[in-house]
Amino acid sequence: MSIRYGLLALLESGPRYGSQLRTDFESRTGATWPLNIGQVYTTLQRLERDGLITPEGGGDAKQQLYAITESGRRELAEWFSRPVDRTQPARDELAIKLAMAVGTPGVDVAEIIQAQRLHTLQAMQGYTRLKARALAAGPDTSDEMAWLLVLDQLIFFAEAENRWLDHCESRLVRFARDRRDRPASAPSAPPADVADEPDPAATAGRRPGARP
């Protein structure tokens, strides 16, 4: 959905070709989420089908100029005013991996956490260097400011992921300790009918009807 509205937002400032939309989208986001040109044209076809954009002039599909319609402007305005829904989060591969690793025999969860922590720290350092260069050069344009906002989000996300990994590690350590220190369950008493039965060894050789 973000690509759909991203293209609409770009068309709000004027008609564009599909190739221009791809270039402008990646420029605005610093190529953080590269777009396949086929994905761009597929999205444009759906936007045209829904009456949110319209082709302008002639040309084939690859050289077609597109413009936003009034319906497209209204939908774009609604998108900008509507909070992003966080109650239905996207599937996160790392969270799923750790959840599956906890119950999988032979998997070292601590090793997974350590490997991910190293990778995330390296990614965060890379984003921080990019941010330093971007700040040193400006920002002078709206695209440069947009790229800085995306970089900030990537850095904050990496920081949060590292804190979460530290939390996971601590929680798993406590879980393992609690399981180890938990007292063993006391053996259960035998069923009443078994406990009340006479010991066969004690009654061996006793005459029928004799008192014990």
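Criteria and thresholds
- Residues numbered from 1 in each chain as written.
- Predicted model: local features only at pLDDT ≥ 70, side-chain atom pairs only at ≥ 80, totals over all residues.
- Heavy atoms only, no water.
- Helix = DSSP H or I, 4+ residues; strand = E, 2+ residues; numbered from the N terminus.
- Expected span 1.5 Å × (residues − 1).
- Buried < 20%, exposed > 50% of the residue type's maximum accessible area, 1.4 Å probe, protein only.
- Contact = heavy atoms within 4.5 Å.
- Polar contact = N/O pair within 3.5 Å; in protein donor to acceptor, adjacent residues only side chain to side chain.
- Phe/Tyr/Trp six-rings, centres within 6.5 Å; stacked < 30°, edge-to-face > 60°.
- Lys NZ or Arg CZ within 6 Å of the ring centre and 35° of its normal.
- Axes fitted to C-alpha atoms, helices over the stretch in contact; angles between N-to-C directions.
- Parallel < 35°, antiparallel > 145°, perpendicular 65-115°, else oblique.
- Nonpolar A, V, L, I, M, F, W, Y, C, P; charged D, E, K, R; others polar.
- Pairing = 2+ DSSP bridges.
- Left-handed = near helix turned anticlockwise from the far one by under 90°.
- Salt bridge = Lys/Arg side-chain N within 4 Å of Asp/Glu carboxyl O.

Let's talk about helix α6 (residues 109-137)
Link 1 in the chain: Here α6 contains 29 residues, and its C-alpha end-to-end distance of 42 Å stays within 8% of the 42 Å for a straight helix at 1.5 Å per residue.
Link 2 in the chain: For α6, every residue scored as buried is listed here: Val109, Ile113, Gln116, Arg117, Thr120, Met124 and Ala134.
Link 3 in the chain: Along its buried surface, α6 packs onto α5 (93-102) and α7 (142-181).
Link 4 in the chain: Structurally, the start of α6 carries an N-cap: the backbone nitrogen of alanine 110 is 3.1 Å from a side-chain oxygen of aspartate 108.

Digging into unusual backbone geometry
Link 1 in the chain: Here glycine 138 and proline 139 are connected by a cis peptide whose omega angle stands at 0°.
Link 2 in the chain: Topologically, proline 139 is positioned in the loop between α6 and α7.
Link 3 in the chain: The phi dihedral of alanine 31 falls on the positive side, at around 60°, and the residue is not glycine.
Link 4 in the chain: Residue placement: alanine 31 occurs in the loop between α2 (18-29) and α3 (37-49).
Link 5 in the chain: Overall, the relative accessible area of 40% leaves alanine 31 in the partly exposed class.

Section: the packing of aromatic side chains
Link 1 in the chain: Within this structure, the stated rule accounts for two aromatic pairs.
Link 2 in the chain: Centre to centre, the rings of tryptophan 79 and phenylalanine 80 are 5.1 Å apart; their planes meet at 45°, and the pair counts as tilted.
Link 3 in the chain: Relative accessible area serves as the criterion here: at 57%, phenylalanine 80 is assigned to the exposed category.
Link 4 in the chain: Through a chain of ring-to-ring contacts, three or more aromatic side chains come together here, namely Tyr5, Trp79 and Phe80.
Link 5 in the chain: Against the face of tyrosine 5 rests arginine 4, its NZ or CZ located 6.0 Å from the ring centre.

Regarding the packing of α2 against α7
Link 1 in the chain: Where α2 contacts α7, the axes come no closer than 6 Å and their chain directions differ by 60°. As judged from the angle between their axes, α2 and α7 are oblique. Where α2 approaches α7, its residues Ser27, Arg28 and Thr29 are matched on the opposing element by Asp143, Ala146, Trp147 and Val150.
Link 2 in the chain: Taken together, the residues that form the contact of α2 with α7 break down as three nonpolar, two polar and two charged.

Let's talk about the sheet that holds strand β1 (residues 16-17)
Neighbouring strands of a sheet are bound in pairs by backbone hydrogen bonds; such pairs are parallel or else antiparallel.
Link 1 in the chain: Spatially, β1-β3-β2 is the arrangement adopted by the three strands of the open sheet, whose pairing is antiparallel. This sheet does not close on itself; its edge strands, each paired only once, are β1 and β2 (53-56).
Link 2 in the chain: As paired strands, β1 and strand β3 (residues 65-68) are joined by two bridges and run antiparallel to one another. Looking across to β3, one finds that tyrosine 17 is bridged to leucine 65.

Remarks on the side chain of glutamine 116
Link 1 in the chain: Within the secondary structure layout, glutamine 116 lies in helix α6.
Link 2 in the chain: The class for glutamine 116 is buried, based on a relative accessible area of 17%.

Thoughts on the pairing of β3
Link 1 in the chain: Sheet analysis places β2 next to β3, joined by four bridges and oriented antiparallel. Residue pairing in the sheet places threonine 54 in a bridge with alanine 67 of β3.

Section: the packing of α6 against α7
Link 1 in the chain: For the pair α6 and α7, interaxial distance at closest approach is 9 Å and the crossing angle is 160°. Comparing their axes, α7 and α6 come out roughly antiparallel. As for the relative orientation of α6 and α7, their crossing is left-handed in sense.

Brief notes about the pattern of salt bridges
Link 1 in the chain: One pass over the structure, following the stated rule, counts 13 salt bridges.
Link 2 in the chain: For glutamate 12, the salt bridge goes to arginine 73, with nearest N and O atoms at 3.3 Å. With glutamate 12 in helix α1 (residues 2-12) and arginine 73 in helix α4 (residues 70-81), this residue pair connects regions lying 61 residues apart in the sequence.
Link 3 in the chain: Classification of glutamate 12 by relative accessible area gives partly exposed; the value is 37%.
Link 4 in the chain: Arginine 177 serves as the salt-bridge partner of aspartate 178, at 3.9 Å between the closest nitrogen and oxygen.
Link 5 in the chain: Residues joined in a network through salt bridges with shared partners are Arg4, Arg49, Asp50 and Glu75.

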